[in-house]
Amino acid sequence: MIQSIFMLPNFDADQLAAINSTVNTVVTAGAGSGKTSVLAARFIRLLRTHDISVDQILTLTFTNKAAAEMHERIHQALQRETDPRLVKESTQFHKAQISTIDSFCAQIARNSSSLFGLAPDFSIDEDALTRLIDELAFDTALTHAQRPGARALTARYGFHGLADGLLARVGSHYLSLAEEIDFPTLLARQYDALLAARPLHCRAFTDAAQTLYADYRERFKTVADNAGPLSRAGTLSELFAAGRFTDIRALLDALTFRKPGGRSSADGEIVKGLIDRLREEQQHLASIVTAYEEEEFIRDLFDLLALFQRELAVRKRMRKLVSFQDVARMAVKALQVNLPLRRYYKRRYRFIMIDEFQDNNHLQKELLSLLAERGDLELPRVPGPSELEPDKLFFVGDEKQSIYGFRGAQVDIFKALKKELKDHGGRALSFRNNYRSRPGLIEFYNRLFAGVMHSPSLPFEAEFEPLSACLPAGKIRPQIRLFYKPVADTDADEEDLSAVEAEALTVASFLRDAVEKEQLMIEDHGACLLYTSDAADEE
């Protein structure tokens, strides 16, 4: 029986469920869970149970190292096969598409570069592009320093607030050759949204103010102290209609509450709740007032952003320079607008497997959805979960790793993906066994993170699942050491190390002493340092 091939004892029940899954599947699996072996076994299982070739399975991961390891594992597994058809497929393994998702996006983007006015031999160089954006932002800010919007922003935040805080930031995170932002339309939509939200905030503010004034001004001193502005809260809508923003700001600023102290009472709790609501609405209304008061400056800044966008696009094309984000956006756009291209890729790949999905953002999710669109559909948009082939996608990721936010990774994307696919006939699985770490470390990990990640209630919060250790305890007892840097004294020497420098020095000193004094007993091949992307960025 074909299935019995994948019932060997070297795979546990969770792993076998993933290998043999016949529907769209999302697997939650951390490091040391055997996920690479599972992906290799699933690759072989797909070849065995379907009349397909190695180049009809698209296998993607996030780093070049992971792609190389995946390629080697699958190749080794295929070489062990004795089935004549699979032996033949092993001779064609050089055609297999096993790569990083960035590399695959670049392949699509190069084939469609003419859509974006870009030469196909473009370079992906984040550092060079950052320098280009910074230089253009500085030049643009300097050249247009006397524009009304630029002068207003510079007066408040300084020259670097304009060059770095606005222009360079927008250029790095939002501007792409794939699709030009229509800044005038974007601004109009924002003001339309403000106009629609204004009556709601006015009503909420007025209701809370009038309730406080009518019911509690004689019993609570903090309400009595604010009786004047509270009594005028009913005029707020009229002041907005008349454009009397100075009077609105004066009314908002005149409210200075202190929550009632003393012994708790039912009325006291009501007053506290009303004050909280009033303060929240004060902030919303103050933001709306600022938007109207400074509309001339804001419109000028949006015009400046449009100018900056045009010049940045010209320079990117001239230097043939793009970012990973550019490439992903170009790939998604190309598949959206070029239906023959989408049709080609949909037919080329019968199955798609992607590892380390937690490190990918919504652009890659859109890309994979376009590739997995049902064969009878050619939608003018990214397809939803009900419009996908029911058995084409296989994701492996770990939402706990998404908290580092590397390259746009978002916990809520991975969590939403699990729910979407499961709600439409797919499966959500978890690898609960760990084959890499000793039981002492797994026990510490479970105890620590069960408290840190307990009962997530928001979409961006990662959910913790305890792990089971599969390795024996071993002769060496695991040790956990906590290093921390005290809060800096305000009178500290300016030459004190930064947090990152102090961390690096502490870890290096610990490893040096441990090796030189033979305090650190290492069974395998060395020491592994794990750090967040923030620390990596400051190396």
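The rules we used
- Residues numbered from 1 in each chain as written.
- Predicted model: local features only at pLDDT ≥ 70, side-chain atom pairs only at ≥ 80, totals over all residues.
- Heavy atoms only, no water.
- Helix = DSSP H or I, 4+ residues; strand = E, 2+ residues; numbered from the N terminus.
- Buried < 20%, exposed > 50% of the residue type's maximum accessible area, 1.4 Å probe, protein only.
- Areas by Shrake-Rupley, 256 points an atom, 1.4 Å probe, with all protein chains shown as cover.
- Patch = residues over 30% accessible without salt bridge, like charges linked within 9 Å, V, L, I, M, F, W, Y side chains within 5 Å.
- Salt bridge = Lys/Arg side-chain N within 4 Å of Asp/Glu carboxyl O.
- Pairing = 2+ DSSP bridges.
- Axes fitted to C-alpha atoms, helices over the stretch in contact; angles between N-to-C directions.
- Contact = heavy atoms within 4.5 Å.
- Phe/Tyr/Trp six-rings, centres within 6.5 Å; stacked < 30°, edge-to-face > 60°.
- Lys NZ or Arg CZ within 6 Å of the ring centre and 35° of its normal.
- Core = buried A, V, L, I, M, F, W, Y, C linked by side-chain atoms within 4.5 Å.
- Expected span 1.5 Å × (residues − 1).
- Lys, Arg positive; Asp, Glu negative; His and termini not counted.
- Charge placed at Lys NZ, Arg CZ, Asp CG, Glu CD.

Asks: Looking at this structure, how should I read the overall build of the protein chain?
Replies: Check the secondary structure of the protein chain and you find 22 helices and 10 strands. A total of 539 residues make up the protein chain; the buried ones form 41% of that total. For the protein chain, the exposed surface amounts to about 29,700 Å²; the carbon and sulfur share of it is 52%.

Asks: I'm lost on a nonpolar patch on the surface in this one. Help?
Replies: On the surface, Leu 441, Phe 444, Leu 448, Val 452 and Ile 480 cluster together into a nonpolar patch covering about 420 Å² of accessible area. By the secondary structure assignment, Leu 441 is in helix α20 (residues 439-452).

Asks: Hey, could you run me through the sheet that holds strand β2 (residues 57-61) in this one?
Replies: Within a sheet, adjacent strands bond to each other through the backbone by hydrogen bonds, running parallel or antiparallel. Pairing in this open sheet of 6 strands is parallel, and the strands run β3-β2-β6-β7-β1-β8 from one edge to the other. The outermost strands of the open sheet, each flanked by one partner alone, are β3 (97-100) and β8 (427-430). Each strand of the sheet is rotated relative to its neighbour by a mean of 15°, with strand direction disregarded. The pairing of strand β1 (residues 25-28) with β8 spans 4 bridges and is classified as parallel. Within β8, the position partnered with Thr 28 by the bridge is Ser 430. The strands touched by helix α3 (residues 64-79) within the sheet are β2 and β3, with β3 carrying the most contacts at an inclination of about 160°. Helix-sheet contacts for helix α5 (residues 101-111) involve β2, β3 and β6 (351-354), and the interaxial angle to β3 is about 105°.

Asks: Before we go on, may I ask you to explain the packing of aromatic side chains in this structure?
Replies: With the rule as written, the count across this model stands at 16 aromatic pairs. Arranged with centres 6.3 Å apart and planes meeting at 20°, the rings of Tyr 345 and Tyr 349 form a pair that is stacked. Taken as a pair, Tyr 345 and Tyr 349 share a single burial class, namely buried. Linked through ring pairs, Phe 104, Tyr 344, Tyr 345 and Tyr 349 together constitute an aromatic cluster. The ring centre of Tyr 213 lies 4.1 Å from the NZ or CZ of Arg 217, which sits over that ring.

Asks: So what exactly am I meant to see when it comes to the pattern of salt bridges here?
Replies: Think of it this way: side chains of opposite charge can pair up when their charged atoms draw near. Enumeration according to the criterion identifies 25 salt bridges in this entry. In this structure, the salt-bridge partner of Asp 326 is Lys 316, at a minimum N-O distance of 2.8 Å. On the criterion of sequence distance, the pair formed by Asp 326 in helix α16 (residues 324-337) and Lys 316 in helix α15 (residues 295-319) is long-range, its members being 10 residues apart. Judged by relative accessible area, Asp 326 falls into the buried class, the value being 0%. As a salt-bridge pair, Lys 419 and Asp 423 come within 2.7 Å of each other at their nearest N and O atoms. A residue pair is termed a helical-turn pair when its members lie 3 or 4 positions apart in one helix, as Lys 419 and Asp 423 do in helix α19 (residues 411-423) at 4 residues. The class of Lys 419 is exposed, set by a relative accessible area of 53%. Beyond isolated ion pairs, a larger network of salt bridges with shared partners links Arg 342, Lys 346 and Glu 373.

Asks: Explain the nonpolar core here, please?
Replies: Among soluble globular proteins, nonpolar side chains are generally buried collectively. Of all hydrophobic cores here, the largest spans 55 residues; its most connected members are Leu 212, Phe 240 and Leu 278. Residue assignment for this core shows that the elements contributing at least two residues are α6 (126-143), α7 (148-157), α8 (159-173), α9 (183-216), α12 (236-241), α13 (245-253), α14 (266-293) and α15. Ignoring any residue separated from it by four or fewer positions in sequence, one finds Leu 278 in contact with Phe 205, Ala 208, Ala 209, Leu 212, Leu 230, Leu 255 and Phe 257. Formed by 42 residues, the second largest nonpolar core is a distinct cluster that contains Leu 60, Ile 101, Tyr 345 and Leu 421.

Asks: What should I look at first to understand α15 in this one?
Replies: Each α-helix winds once per 3.6 residues, and so residues spaced three or four apart point in a common direction. With 25 residues, α15 extends 36 Å from end C-alpha to end C-alpha; this agrees with the ideal 36 Å at 1.5 Å per step. Every buried residue belonging to α15 is among Asp 300, Leu 301, Phe 302, Leu 304, Leu 305, Ala 306, Phe 308, Gln 309, Leu 312, Ala 313 and Lys 316, and all of these are buried. At its buried positions, α15 is contacted by α6, α7, α8, α9, β5 (321-322) and α16. With its phi angle positive at about 55°, Lys 320 sits one or two positions after the end of α15.

Asks: How should the environment of Ala 128 be read in this particular structure?
Replies: Within the secondary structure, Ala 128 sits in helix α6. Exposure remark for Ala 128: the relative accessible area of 16% places this residue in the buried category. Considered as a pair, Ala 128 and Ser 323 are 195 residues apart in the sequence and their alpha carbons are 9.3 Å apart.

Asks: Whenever I open this one, a negative patch on the surface confuses me. Can you help?
Replies: Among the surface-exposed residues, Asp 134, Glu 135, Asp 139 and Asp 164 lie close enough to one another that they form a single negatively charged patch. Top contributing element to the negative patch by residue count: α6, with 3 residues. With respect to the secondary-structure elements, Asp 134 resides in helix α6. The class for Asp 134 is partly exposed, based on a relative accessible area of 35%.

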